[in-house]
Structures are given as C-alpha cells and as structure tokens.
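# Secondary and tertiary structure notes
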Amino acid sequence: EIEMLYHPEHEANIDRMIKVTQASLAYMSKHFGRYPHPQLRIVEIPSFHGQIAFSFGQVIAYSELMGYSLNLENAEYDPLAAILSHEVAHQWWNHQLVPADTQGATMVAESLCQYSAALILSEMYGEQSINRYREINRNLYLRGRSQERIAEMPLALVENQGYVHYGKGPLVLLQLRDAIGEDALNQALAAYLNSARFAGPPYPTSTQLLDHLRAAAPDQSALIDDLFEHISLADLRLLDASYEPLDDDRYAVTLRVSGSKLRDDGHGKLSTLPLDWPFEVVLYADAQQQAPIASYTRTLSGDVQTLRFEIDTLAVHAAIDPGRKLLEVDTADNQRDITLTSTAVTTQELVHAGH
C-alpha cells in the first residue's frame, strides 16, 4: 500500500510520485528482494530547512519544493523521479543492510541508492534518460574534488564526502555495469545484501562489497581496483579524423586516438598509466551529433592508436565516449569533424564522397 500525505493544494505531481514509487518498489523487489513492510508512506514536509528528503522505515519525508510544487511540464529531465527513487532504494540500502561505521560506509548507504536510482530511471524512461543524470553527478564530483581542502578518498574508503559518494559513486557503478552487465552486477549486489540482511554486529563493510564484485567479475579485478580503491580518471583525445571513399560505394574512416589513465594520490598529484578501459566510438551524419551512423567499442593498445572503420553512409563527425561514461575532466578534444583524406582524388571519388 502506497500512502501519500500532502498539503491539499500541492497535488499536481501526486500521480507522478505514485508511479515513481511503484516503479522503484517493483525494480528493487525484483532484483534485491521483496519490500519487507505492508505499506510505504510518502510525507510532504515544508522547505524552510531547505530542499531535503529522508528515508525512514516505511516512511519517506519529502520536501515540498523537490516534488509537490515542482513544475515538471515539458521537462526533459525528471529530478523528482531521480530523488524519490533514491529514497525508496534506501528501504534496501541502509535499512535492510546497515554498513559498519567505517571508511566506505557512505558508499554502501548512498552510492548504491544513487546507482539504483539510475537503473529505475532507465527502466521508466529508457537508457538515454540517464545521460542527464550522469552529467549532474559528474559535475557534482568534479566541482567537489576541485574544492577539497584535505584529501579526496577513493570511493571504497570515502569519509562522508558527498561529492564522492553521491557524485562519483553512481558513475563508477554504471561504468562497472557497462563492463560486466546489469544482471551480473545486480546479482553481486543482491548477494552482498543477502549476506548481511538485517544483520547485527559485526556490520558489513565496503571491503566485503568489493569481494562480492570481484567474485562476480574475476576478469575485471583491475577495473574494480581502478574504480573503487584508487582515484582514477581517463584522458582521451581524438587527434585526427579522416575518410576516403572505397570502390564499392562505401567509406573508410580513420581516427587517430590517444588515451591515458590518470591516477590521483588524493592531493592532486597525478601519475600516468596506460588506459585499459573500453570506450565508445560513434560516427555521425551531422556535426550536432543528432544522427549516429555507427557505434563501436574499442580499447587502446598503446598511448596513440589508429582506428579504422568501414561504413556504408558518409560520416561527417566523430566522437569518442560521447556519453561521457568514463570519468574525464576535459572532454573538449573528444570530437571533431571528419575530413576527406588529403590525397589527390578523381572526379568519380568526389562524387562518391558526396561533394
């Protein structure tokens, strides 16, 4: 039973809130075990303390300005769904499984809720709907780490640093999901939850969560180390993009890409390592990146690598990691127009190239 308690003049988004709650309960119950209570109450609270939300057992207190009086007409992004699904997810993370009060506790309590919210958004609106969610959390993380005065901690050792467990946490988990698959990651999280559901002391830790992740994806142990136990960033650059017409009315696109992995010691000192993370390459029929022609997943075998693709339709623009799925500070050099290879061409080749 879903019960909504609200000011009678704040009913504009009640139906939407019920649908978000239903979708959240359905997804979380399917993947992480049933909701353990007979009802869930969503209670409106005034916003004089700010825009806040709290999740208690069976009860979610939700600020009026974050949902009840929020104007969502023609909105491209649904912040109500992102926040409310996070609070519903707390009925599993930090309620059914309570982490030990140690480093990494807020990764378990908050990052897993942020990740769950992304999955629920994707379930409700499609995978493209979480692009804005990624962007918001990426900006939160990059802004927060630029203002850190003591030391940034790796996600698995986070010390209540909101920009890490709220901002970075879902990005890291989504990157791992992309590498091993949503089902595999959810099964690992469910196994972790089942190992300590409603457990007393000793309470579970982030270290035990990493053990479950490694058990689920032993071939991704290095990636798990990078994402959770180190502070790792990508640095991708699209150095050159060109095409040449082929004899069969097709086109060969050649991209020269450089990439490295930057490891931060927590104080801003960076070391450079080879980038062994897979990334997406997308070719477009327009410079605005609205008409993708082809998408590929590649991994670099060196600092600089030439990638070649044969396609049926002329592409005019290329981008690497256009969805910004990897943690990267500067992405301005991740795209460029594709130019005709600078060699002598015949009139027939120009016709094939669309000129």
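In short, a report on the structure. (Residues numbered from 1 in each chain as written. Predicted model: local features only at pLDDT ≥ 70, side-chain atom pairs only at ≥ 80, totals over all residues. Heavy atoms only, no water.)

## Side note on the pattern of salt bridges
Here the structure, examined in full by the defined rule, presents 20 salt bridges. Between E127 and R177 there is a salt bridge whose closest N-O contact spans 2.6 Å. Remark: R177 occurs in helix α5 (residues 162-180) and E127 occurs in the loop between α3 (105-125) and α4 (130-146); sequence separation between them is 50 residues. Taking the relative accessible area as the measure of exposure, R177 reaches 6% and is therefore buried. Within this structure, E127, R134, R177, D178 and E182 form a network of salt bridges that share partners. (Salt bridge = Lys/Arg side-chain N within 4 Å of Asp/Glu carboxyl O. Helix = DSSP H or I, 4+ residues; strand = E, 2+ residues; numbered from the N terminus. Buried < 20%, exposed > 50% of the residue type's maximum accessible area, 1.4 Å probe, protein only.)

## Details of the pairing of strand β5 (residues 231-245)
Taken across its 15 residues, β5 has 11 buried, putting it largely inside the fold. Bridging between β5 and strand β6 (residues 251-264) involves 14 bridges; their strand directions are antiparallel. Paired with P245 across the strands is Y251, a residue of β6. (Pairing = 2+ DSSP bridges.)

## Describing the packing of helix α1 (residues 14-32) against helix α2 (residues 79-89)
For the pair α1 and α2, interaxial distance at closest approach is 9 Å and the crossing angle is 45 degrees. Relative to α2, the element α1 is oriented oblique. In this structure, the crossing between α1 and α2 has a hand that is right-handed. Touching R16, M17, V20, T21, S24, L25 and M28 of α1 are L80, A81, L84, S85, V88 and A89, all from α2. Here the contact of α1 with α2 is composed, by residue class, of 9 nonpolar, 3 polar and 1 charged. (Axes fitted to C-alpha atoms, helices over the stretch in contact; angles between N-to-C directions. Parallel < 35°, antiparallel > 145°, perpendicular 65-115°, else oblique. Left-handed = near helix turned anticlockwise from the far one by under 90°. Contact = heavy atoms within 4.5 Å. Nonpolar A, V, L, I, M, F, W, Y, C, P; charged D, E, K, R; others polar.)

## Describing the side chain of Q161
Secondary-structure assignment places Q161 in the loop between α4 and α5. Residues contacting Q161, with those up to four places away along its chain left out, are E148, A151, E152 and M153.

## Here we look at the sheet that holds strand β9 (residues 292-298)
With antiparallel pairing, the 4 strands of this open sheet are ordered in space as β9-β8-β11-β12. In this open sheet, the two edge strands, each paired with only one partner strand, are β9 and β12 (335-337). Each strand of the sheet is rotated relative to its neighbour by a mean of 15 degrees, with strand direction disregarded.

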